[in-house]
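# Notes for the structure review
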Amino acid sequence: MNNLRHLTYIYALIFFDLANMVLGLLLATISAHPDLEMIPLQQVFAMRLRISNMILFLGFALIWHALFARFGLYHSRRLSTRKAELFDIIHATSLGALVLFLMSVVFRIELVTPLFLFFFWVYTRGTTALILLILKHLLEHLRARGRNLHNVLIVGTNNRALQFAKKIDSRLELVYHILGFVDNEWVGTEKFLESGYPIVADFTTLSVFLRDNVVDEVFIDLP
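Attention here is on the structure that accompanies the text. Remember, predicted model here, so these are calculated numbers, not experimental data.

Glancing now at the nonpolar core. In this structure, Met 21, Phe 60, Leu 100, Phe 116 and Phe 120 are the most contacted members of the largest nonpolar core, which totals 25 residues. Mapped by element, the contributors of at least two residues to this core are helix H1 (2–32), helix H3 (51–70), helix H4 (82–106) and helix H5 (114–144). Among the elements that take part in this core, H1 stands out by supplying seven residues, more than any other. Grouped together as the second largest cluster of nonpolar side chains are 14 residues, Val 152, Phe 164, Ile 168 and Tyr 197 included.

Among the structural elements, His 33 can be located in the loop between H1 and helix H2 (41–46). Assessed through its relative accessible area of 15%, His 33 is described here as buried. Of note is the side chain of His 33, whose polar atom sits 2.8 Å from the backbone oxygen of Leu 111. Setting aside residues up to four positions removed in sequence, His 33 forms contacts with Ala 28, Leu 111, Thr 113 and Phe 116.

Moving on to the packing of aromatic side chains. Taken as a whole, this structure holds twelve aromatic pairs when the rule is applied. Taking the centre distance of 5.7 Å and the plane angle of 65° together, the rings of Phe 15 and Phe 16 count as edge-to-face. On the basis of relative accessibility, which here comes to 54%, the residue Phe 15 falls in the exposed class. An aromatic cluster is defined as three or more aromatic residues linked by ring pairs; in this entry it consists of Phe 60, Trp 64, Phe 68, Tyr 74 and Phe 120. Over the ring of Phe 71 we find Arg 70; its NZ or CZ atom is 6.0 Å from the centre of that ring.

The subject of this paragraph is the side chain of Thr 157. Its location among the elements puts Thr 157 in the loop between strand S1 (150–155) and helix H6 (159–170). Judged by its relative accessible area of 3%, Thr 157 falls in the buried class. At 2.7 Å, the side chain of Thr 157 forms a polar contact with the side chain of Trp 186. The residues contacting Thr 157, other than those within four sequence positions of it, are Phe 181, Asp 183, Trp 186, Phe 192 and Ile 199.

Cut-off values and rules
- Residues numbered from 1 in each chain as written.
- Predicted model: local features only at pLDDT ≥ 70, side-chain atom pairs only at ≥ 80, totals over all residues.
- Heavy atoms only, no water.
- Core = buried A, V, L, I, M, F, W, Y, C linked by side-chain atoms within 4.5 Å.
- Buried < 20%, exposed > 50% of the residue type's maximum accessible area, 1.4 Å probe, protein only.
- Helix = DSSP H or I, 4+ residues; strand = E, 2+ residues; numbered from the N terminus.
- Polar contact = N/O pair within 3.5 Å; in protein donor to acceptor, adjacent residues only side chain to side chain.
- Contact = heavy atoms within 4.5 Å.
- Phe/Tyr/Trp six-rings, centres within 6.5 Å; stacked < 30°, edge-to-face > 60°.
- Lys NZ or Arg CZ within 6 Å of the ring centre and 35° of its normal.

Here it is in structure tokens:
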């Protein structure tokens, strides 16, 4: 069920990104070429699409998708910061606009002007970032209601592991629930227990804990 939900989420992202790209092309056309608004609607529907134009459009759509996949925008990025994701969106949309420019030069697409590219980049960057913020807000809402939580186990009780746990708890959009920590007793155990986090198992009882509890992910924090 989790795999099906994850695949549905990925395909939905791909659909929205490609639809957003098409919308960006339409909005950029209207903004950069306002004279096209004077063309009667009947004439627009009467236009025949050339096979070459369809091939160019499909080729650009595939490149657009490949760029978003290259920057990891379709993968789960629970531990990434919003700033890092926004930078990746800017990089992906900027390269997409550059590819569109190169295609316009090679295939002499008169519709793609510098003003068109500017509007296209602004629209796609803004709407993609907006979709990201909406998804983050939705994940925070789901976690606040105790839904879609991923149970995690942290191996290690050093300071690095403790800081990692605090980072998880401070970001609601990660939808992680910390079950506890795993470690043998050592000189820093007493100090760790002052944090309030539980040690649910040591290395000899870890296999028993995994059999008796639902654990979605395990993080190993070495000193």
